[in-house]
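# Close look at the chain arrangement
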Amino acid sequence: MAKLSINGQTVDIDVEPDTPLLWAIRENIGLTGTKYGCGIAQCGACTVLIDGAAVRSCGALVSEIIGKQITTIEGLATNGVLTKIQQAWIDHDVPQCGYCQSGMIMAVAALLKDNPQPSDADIDDAITNICRCGTFQQVRTAIHAAANA
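Description of the structure in this document. (Residues numbered from 1 in each chain as written. Predicted model: local features only at pLDDT ≥ 70, side-chain atom pairs only at ≥ 80, totals over all residues. Heavy atoms only, no water.)

Of the volumes computed, that of the largest pocket is approximately 190 Å³. As for the largest pocket, its lining consists of Gly37, Cys38, Cys43, Ala45, Cys97, Tyr99, Cys100, Ile130, Cys131, Arg132 and Cys133. Tallied by class, residues from the lining of the largest pocket come to nine nonpolar, one polar and one charged. (1 Å grid on protein atoms, 1.4 Å probe; cavity = no way out; pocket = protein on both sides within 12 Å on 5 of 7 lines; lining within 4 Å. Points joined across faces, edges and corners; volume = space filled by probe spheres on them. Nonpolar A, V, L, I, M, F, W, Y, C, P; charged D, E, K, R; others polar.)

Relative orientation of the contacting elements helix α3 (residues 84-91) and helix α4 (residues 101-114) amounts to 130°, with a least axis distance of 10 Å. On the basis of their axis angle, the class for α3 and α4 is oblique. Where α3 crosses over α4, the handedness of that crossing is right-handed. Of the residues in α4, those touching α3 at Ile85, Gln86 and Trp89 are Gln101, Met104, Ile105, Val108, Ala109 and Leu112. For the contact of α3 with α4, the residue count by class is seven nonpolar, two polar and no charged. (Axes fitted to C-alpha atoms, helices over the stretch in contact; angles between N-to-C directions. Helix = DSSP H or I, 4+ residues; strand = E, 2+ residues; numbered from the N terminus. Parallel < 35°, antiparallel > 145°, perpendicular 65-115°, else oblique. Left-handed = near helix turned anticlockwise from the far one by under 90°. Contact = heavy atoms within 4.5 Å.)

Residue placement: threonine 135 occurs in the loop between α5 (120-126) and α6 (136-147). Look at threonine 135 and you get buried, because its relative accessible area is 0%. In this structure, threonine 135 is in contact with Val94, Gln96 and Gln101, ignoring residues within four places of it in sequence. (Buried < 20%, exposed > 50% of the residue type's maximum accessible area, 1.4 Å probe, protein only.)

Right under this line is the structure:
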């Protein structure tokens, strides 16, 4: 039995210690906003925040996360009010298919926490998530809009 702190709540789940966090989040906790993309921590579709840092959850084991604060895309909005990042995503028509977007938003949340006014170079360095639709220009525009909101 593992005890995880996710989106401000403590949950008990019955998984093996070497279970990838992604599968615990999706299959055991039932939060499906975190997406499976590649399974090798390269694409970023599964990005969540662990103690405020962007982490690719397919590459993190449940046993490594116990005692840490996990935030998923479902935990960003407060009382139905979107974050400035989520609102910028809408305002600037970032998603096309939308599959990678929850992971991208989580990576941006970590970036703006650490660097509230990132340059284009900072964005390129920090946001390594892959979008097959190619919305990288809209992503950059939305990040700057959120930073200035």
